Amino acid sequence: MMTASGVTTTDIDMLRLRAYDLRVAMLEMAAGKGEGYVAQGLGMADCLAALYFHEMHHDPANPDWDDRDRFLLSTGHYSIAMYAVLAEAGYLDRAEFPSYGLNGSRLPMSTFDDLPGLEIVGGSLGQGLGQAVGMALGLRLDGREARVFCEVSDGELQEGSTWEALMSGATFGCDNLVALFDCNGVQADGPVHVQLEPVLDKISAFGWSSIEINGNDMEALVRALEVSRVRDGKPKAIIMRTQPGSGVPTLEKRERAHFVRITDEEWQVMRDELEAGRPGATRG
Amino acid sequence: MAEVAGRTRGMGELIDVADKASDFAPFGRELAALARERDDIVGLTADMGRYSDILPFRDEYPDRFFNVGMAEQNLIAVAAGLAKTGKVAYCTTYSVFVTRRAYDFVAIACAHSQANVKIFAGMPGLMNGYGATHQATEDLNMMRGIADLTIIDPCDAVELRQVVRAVADIKGTVYVRLLRGNVPVELDASYRFVPGKAQVLRPGGTIGIISTGYMTGRALDAAKEVASRGVQVGVLHVPTIKPFDTAGVLDFVARYDRLIVAENHKTTGGLGTLVTEAMFDAGVLKPVERIGLADSFFECGSQEYLEARYGLDLPRFIRAIMG
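A few points on the structure. For clarity, every value in this text was computed on a predicted model and none was experimentally measured. (Residues numbered from 1 in each chain as written. Chains lettered and ligands numbered in written order. Predicted model: local features only at pLDDT ≥ 70, side-chain atom pairs only at ≥ 80, totals over all residues. Heavy atoms only, no water.)

Focus on the overall build of chain A
Test applied: In DSSP terms, a helix is any run of H or I states spanning at least four residues, a strand is any run of E spanning at least two, and both are numbered starting from the N terminus. Just to be clear, the radius of gyration here is over C-alpha atoms, and the globule rule we use is 2.2 Å times residues to the power 0.38. Burial classification: accessible surface area is computed with a 1.4 Å probe over protein chains only, and a residue below 20% of its type maximum counts as buried, one above 50% as exposed, and the rest as partly exposed. Pairs of residues are marked as contacts when any of their non-hydrogen atoms sit within 4.5 Å.
Looking only at helices and strands, chain A has 9 helices and 9 strands in total. For 284 residues, the compact-globule estimate of 2.2 N^0.38 gives 19 Å, and the C-alpha radius of gyration of chain A, at 18 Å, lies within 12% of that figure. The dimensions of chain A, computed from C-alpha atoms along their principal axes, are 50 × 45 × 40 Å. Of all 284 residues assigned to chain A, the portion counted as buried reaches 57%. For chain A, the share of sequence-separated contacts (at least 6 apart) that also reach a separation of at least 24 residues comes to 76%.

This is the structure in structure tokens:
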């Protein structure tokens, strides 16, 4: 079976396997420090696999390539997912994984932009989407085909600046911009309790071409990203409903999933759980 | 007595003063000229195009101009994004809004990444009669708390035009206090702005005035005024607040027994603090009188009324000099 742009079932299976590898890398990284923002990272694994191994044009050998598609991680504390995908793509040596979050590490718990492959300093939440709008305008001014993808969490939808950026994206007709809203339903103090819904309707009303999907469904992700390619004068939004801890049932069930501390014994349990759900395809 | 330079209308627009040459909208006109030479220049505003003199640039380069509306955080974020694709992003709004509202964006989206964002901040200090909502009387104090940020407070149209060009070549984020309207010409054409350097505009004398920004014109007026009474005063202009020219200031301080520091800003946290801190650290203890604003919010009123009431006018300078 093929999608409109020629993505086969085998491709989807391979992307699922890539996402699995990212999840393995995240557990390996977090086990070093014994804690981290693992649940959010696991929730984003499928999206990042679809972006870096299917949708985006980028070159790990030339991270500053002018024509690269940009990915902005606005939610800087999802860093563990970012380091996993940068290593899997070839920007980063996995040997650095054990230093995640440790003193002097290049892999801090919240991202800086001095690591090749990172476009912005994330973590001061609500600053990503506006910068993505600026990058989209800059690329358009230069006549480049490159696009900008920006992750934004549901918590960041509580920052007024995110809505300012939404207005700008539509005002300036940034159809080379794709916002990926990671709606995982949790934030620092627990479940999202602020009245955000209906997110899809709100963002559509702000003038964005919007679609809502299960952010852990690889086929849906690939299809939504394909649709986002159209240059129709409107910015694109993909509202992803993701499962924190996706792929690791122990973490999926954990109520306090924002920042997790895990004992040495539990790491092995989680690895076993992840491996039990490993996609069946073999790497091509 | 010489006329007081640079009175303003409602929106911080300086108006012509008798016996003083002026230059209309030097910021926007110089930016347009620079944009003719460099296609990496872009301009932004947050609904303050008219009131920041950037319209000459917009009119010439509408495709390179972005008005994000009343959204200062977004203004700075969008500027940072443009800078990260290789542009030099000039953005304008009022000092109060970019400092108080968008501080975190200047620090993290811009300065932390050394993004080429050049912020021209209108109505710095007490340059507007709308009261505290529009008077950026603590902006220097706030902004110098941000690492890797350059801060410039030009004194007149000659310097402002040079600063418009100079900041394009300063790597990273720059905060400039903008003078707008019919900006007075205080310096002669031979003046050369050098980033990071204080400059002696009037040597000699027995009392030294160290000043920045709009108050430098007033210091020069005061020096001329007291010279007619036989009192000689030296003037050191400090356009770059950060990085601070400690050596240049201490060299000037060494030549005088008594000093006056003048700024269109609170007397705490700005130039007065920088000068006295530098002196104390170097073990130099001399009398210093600060001309500037109290730690307070200020009322509405005309520019002349406010400057007289809060101690920034020419008589205040004369009193300080004459002791």
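Describing the overall build of chain B
Worth spelling out the cut-off: Only the protein chains shown count as cover for residues, with accessible areas throughout obtained via the Shrake-Rupley method and a probe of 1.4 Å. This count recognises Lys and Arg as positive and Asp and Glu as negative, with His and chain-terminal groups excluded. In plain terms, the charge of a residue is placed at NZ if it is Lys, CZ if Arg, CG if Asp and CD if Glu.
On a plain count of helices and strands, chain B comes out with 12 helices and 16 strands. For chain B, the C-alpha radius of gyration of 19 Å lies close to 20 Å, the compact-globule estimate for 323 residues. Referenced to the eigenvectors of the C-alpha coordinate spread, the extents of chain B come out at roughly 55 × 40 × 40 Å. A total of 323 residues make up chain B; the buried ones form 64% of that total. Contacts in chain B between residues at least 24 apart in sequence constitute 78% of all its contacts with a sequence separation of at least 6. A total accessible area of about 11,300 Å² is found for chain B, and carbon and sulfur atoms account for 51% of it. Distance from the positive charge centre (35 side chains) to the negative charge centre (39 side chains) of chain B: 1 Å.

Some words on the sheet that holds strand E7 (residues 117-122) of chain B
Backbone-to-backbone hydrogen bonds pair the strands of a sheet. The strands run either parallel or antiparallel. All names here are of chain B. Quick reminder of the rule: Two strands are said to pair when DSSP picks up at least two bridges between them. Angles here are taken between N-to-C directions and fall from 0 to 180 degrees, while the axes themselves are lines fitted to C-alpha atoms, restricted in helices to the stretch in contact.
The strand order across the open sheet formed by 7 strands is E5-E4-E6-E7-E9-E8-E14, and the pairing between neighbours is mixed. The open sheet is flanked by strand E5 (65-67) and strand E14 (240-242), the only strands paired with a single partner. Averaged over all pairs of adjacent strands, the angle between their axes in this sheet comes to 20°, without regard to strand direction. Strand direction decides the pairing type here: E7 and strand E9 (residues 173-178), joined by 5 bridges, are parallel. By the bridge assignment for E9, Lys118 is matched with Val174. On top of the sheet, helix H1 (residues 26-37) reaches strand E4 (41-45), strand E6 (88-94), E7 and E9; it is set at about 165° to E6, its chief contact.

A word on the environment of Ile15(B)
Residue and element names in this part refer to chain B. Turning to its location among the elements, Ile15 is positioned in strand E2 (residues 13-15). The class of Ile15 is partly exposed, set by a relative accessible area of 22%. Along the sequence, Ile15 and Ile152 sit 137 residues apart, while their C-alpha atoms lie 22 Å from each other.

Examining the pairing of strand E10 (residues 180-184) of chain B
Residues and elements named next belong to chain B. Of all 5 residues in E10, 5 are buried, a share of seventy percent or more. In terms of strand pairing, E2 meets E10 through 2 bridges, oriented parallel. Bridge pairing in E10 places Glu13 opposite Arg180. Pairing analysis gives 3 bridges linking strand E3 (residues 22-24) to E10, with the strands arranged antiparallel. Residue pairing in the sheet places Ser22 in a bridge with Pro184 of E10.

Some words on the packing of helix H8 (residues 214-227) of chain B against helix H12 (residues 314-322) of chain B
Residues and elements named next belong to chain B. Selection rule: Roughly parallel means an angle under 35 degrees; roughly antiparallel, over 145; roughly perpendicular, 65 to 115; everything else is oblique. Each crossing gets its hand from how the near helix is turned against the far one by less than a right angle, where anticlockwise is left-handed and clockwise is right-handed. As a working rule, the residues Ala, Val, Leu, Ile, Met, Phe, Trp, Tyr, Cys and Pro are called nonpolar, Asp, Glu, Lys and Arg charged, and the rest polar, with Gly in that last group.
Contact geometry of H8 with H12 gives a least axis separation of 9 Å together with a crossing angle of 55°. Between H8 and H12, the interaxial angle falls into the category oblique. Judged by the twist between their axes, the crossing of H8 over H12 is right-handed. Contact residues: H8 offers Met215, Arg218, Ala219, Asp221, Ala222, Glu225 and Val226, while H12 offers Leu314, Phe317, Ile318, Ile321 and Met322. Of the residues contributing to the contact of H8 with H12, the split by class is 9 nonpolar, no polar and 3 charged.

Thoughts on the side chain of Ser74(A)
All names here are of chain A. Going by this rule: Distance and chemistry together define a polar contact, namely a pair of N or O atoms within 3.5 Å, with one atom able to donate a hydrogen and the other to accept it when in protein, and with adjacent residues in sequence counting only for side-chain atoms on both sides.
By secondary structure assignment, the location of Ser74 is in the loop between strand E2 (70-73) and helix H3 (79-89). Polar contacts involving the side chain of Ser74 include one to the main-chain amide nitrogen of Gly128, which spans 3.1 Å. Sequence-distant contacts of Ser74, defined by excluding residues within four places in its chain, comprise Ile120, Gly122, Gly123, Leu125, Gly126, Gln127, Gly128, Leu129, Cys150, Glu151 and Glu156.

Here we look at the packing of aromatic side chains
Short version of the rule: Note on aromatic pairs: the rings of Phe, Tyr and Trp (six-membered ring only in Trp) are paired at centre separations within 6.5 Å, and the planes decide the class, stacked below 30 degrees, edge-to-face beyond 60, tilted for the rest. For a lysine, the NZ atom is tested; for an arginine, the CZ atom; a charge sits over a ring if that atom is within 6 Å of the ring centre and within 35 degrees of the ring normal.
A full pass over the atoms with the stated rule returns 10 aromatic pairs over all chains. Taken together, a centroid distance of 4.5 Å and an interplanar angle of 25° make the contact between Phe27(B) and Phe120(B) stacked. Within this pair, whereas Phe27(B) is found in helix H1, its partner Phe120(B) is found in strand E7, the two being separated by 93 residues in sequence. Grouping residues by exposure puts Phe27(B) and Phe120(B) together as buried. Taking NZ or CZ as reference, Arg18(A) lies 4.1 Å from the ring centre of Phe53(A), over its face.

What to know about the interface of chain A and chain B
Our working definition: Defined here as a combined quantity, buried area equals the accessible surface (1.4 Å probe) lost by two parts on assembly, summed across both. One side-chain nitrogen of Lys or Arg within 4 Å of one carboxyl oxygen of Asp or Glu is enough to make a salt bridge.
Contacts between chain A and chain B engage 24 residues on the former and 24 residues on the latter. When chain A packs against chain B, the two sides together hide about 1,900 Å² of surface, and 61% of this comes from carbon and sulfur. Ranking the residues of chain A by area buried against chain B places Gln127(A), Leu141(A) and Glu164(A) at the top, with a combined share of 28%. In this assembly, chain A and chain B are joined by 1 salt bridge. For Asp142(A), the salt bridge identified is with Lys87(B), shortest N-O distance 2.5 Å. Between chain A and chain B we count 8 residue pairs in polar contact (both at pLDDT 80 or more) in total. Contributions of two or more residues to the side of chain A that touches chain B are made by helix H4 (128-141) and helix H5 (160-171) of chain A. In terms of residue count, the dominant contributor to the side of chain A that touches chain B is H4(A) (9 residues). Partitioned by chemical class, the residues of the side of chain A that touches chain B number 10 nonpolar, 9 polar and 5 charged.

Description of the nonpolar core
Formally: In this description, a nonpolar core means a group of buried Ala, Val, Leu, Ile, Met, Phe, Trp, Tyr and Cys residues linked to one another through side-chain atoms lying within 4.5 Å. All domain edges in this entry derive from an automatic or database-based domain assignment.
One finds Leu129(A), Phe181(A), Ile203(A), Leu44(B), Ile76(B), Val117(B) and Ile210(B) to be the most contacted residues of the largest nonpolar core, which totals 81 residues. Element by element, the count of residues in this core is highest for helix H3 (residues 72-83) of chain B, at 8 residues. There are two domains that each give this core at least three residues, and those are domain 1 (7-184) and domain 2 (199-322) of chain B. Dropping the residues within four chain positions of it, Ile210(B) is found in contact with Leu236(B), Val238(B), Val249(B), Phe252(B), Val253(B), Leu259(B), Ile260(B), Val261(B), Ala262(B), Leu271(B) and Val275(B). In this structure, Val7(A), Tyr37(A), Leu42(A) and Leu107(A) belong to the second largest nonpolar core, which totals 64 residues.

Looking at the sheet that holds strand E7 (residues 209-214) of chain A
Residues and elements named next belong to chain A. Read from one edge of the open sheet, 5 strands run E2-E3-E4-E8-E7, paired in parallel fashion. In this open sheet, the two edge strands, each paired with only one partner strand, are E2 and E7. Taken over all neighbouring pairs, the strand axes of this sheet differ in orientation by 20° on average, direction set aside. Bridge count for E7 against strand E8 (residues 236-241) is 6 bridges, and the pairing is parallel. Along E8, the bridge assignment pairs Ile211 with Ile238.

Take it as geometry only, folks, not as evidence of what the structure does.
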